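A structural walkthrough
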Amino acid sequence: MMLLPACSLIRKVPVPKLPKLSLPSMNTVAKIVPGLAEKDKVNSEDPDVPFNSRGKLGYGHTLRVEVYEGARGSDRIFADIVMVDEQGLLPLGKIGTARVGGQMLPEAANSIASVFRVVGRNTRPITVHIISVENVPVVFINGDVIEDEFIPAFEKMSVRQAVNVSGGRKTGSTRHGVYVTRHGQKRFFSSMESADDRWDPQAGDIITLSPDI
């Protein structure tokens, strides 16, 4: 008898659902970082691995990554397609490796940023853009949200739709401001409506809901 009410309560908890996706073509995604291959492959031995944006990274997951240094005048200091190896390490060229195996994408982005800070690139802010994983374009939602989350980018996606898919602002929040970061450059909007009117999200964008404004 005690189990039935508990089960009923669990069913009432809203769980954000990913919409039916119409993903941008990888040709479109490849144009975001000129010079990189169209597909998320490091070589012919790179395996195809199932990817869930709400899951954990493991061996064979291949990421398209950009890293920028600075805020107002940001400089791109890294851009590559990289694969998680059998030890859970992600190679970052001459910079080193980031241990991302077993991490979700928000944790992995932090791990990548930490590597760049440790090697001395800590005089200016470091911004990590994960553009796609296993040919799935993604957008990062963070800040005044229930939980930081990467979601698959989809065609004609608005800022509000991206935020809603991630679960929205924290319960009871009265804030309105939104920041969107692209290519290391952060832009502020006073409201979600303003952001929707003036910004079309694309793979790799970071949408930050302001916790203060």
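To start, this report covers the structure provided alongside it.

Our next topic: the packing of aromatic side chains. The description of an aromatic ring pair rests on the distance of the ring centres and on the angle between the ring planes. For the coordinates displayed, the defined rule picks out four aromatic pairs. Taking 5.0 Å as the distance between ring centres and 50° as the angle between the ring planes, the aromatic pair formed by Tyr179 and Phe188 counts as tilted. Taking relative accessible area as the criterion, Tyr179 reaches 22% and is therefore assigned partly exposed. Above the plane of the ring of Tyr179 lies Lys186, whose end atom (NZ or CZ) is 5.2 Å from the centre.

Looking now at the nonpolar core. Counting residues in hydrophobic clusters, the biggest one holds 28 residues, and the most contacted among them are Leu63, Val128 and Ile130. For this core, the secondary-structure elements that each account for two or more residues are β1 (62-69), β2 (75-83), α3 (105-118), β5 (126-133) and β6 (136-143). Sorting elements by how many residues they give to this core places α3 first, with seven residues. Among residues more than four places away in sequence, those in contact with Val128 are Val65, Glu66, Val67, Ala109, Ile112, Ala113 and Ile206. Counting 19 residues, the second largest nonpolar core, distinct from the first, contains Ile141, Ala153, Met192 and Ala195.

Procedures and definitions
Residues numbered from 1 in each chain as written. Predicted model: local features only at pLDDT ≥ 70, side-chain atom pairs only at ≥ 80, totals over all residues. Heavy atoms only, no water. Phe/Tyr/Trp six-rings, centres within 6.5 Å; stacked < 30°, edge-to-face > 60°. Buried < 20%, exposed > 50% of the residue type's maximum accessible area, 1.4 Å probe, protein only. Lys NZ or Arg CZ within 6 Å of the ring centre and 35° of its normal. Core = buried A, V, L, I, M, F, W, Y, C linked by side-chain atoms within 4.5 Å. Helix = DSSP H or I, 4+ residues; strand = E, 2+ residues; numbered from the N terminus. Contact = heavy atoms within 4.5 Å.

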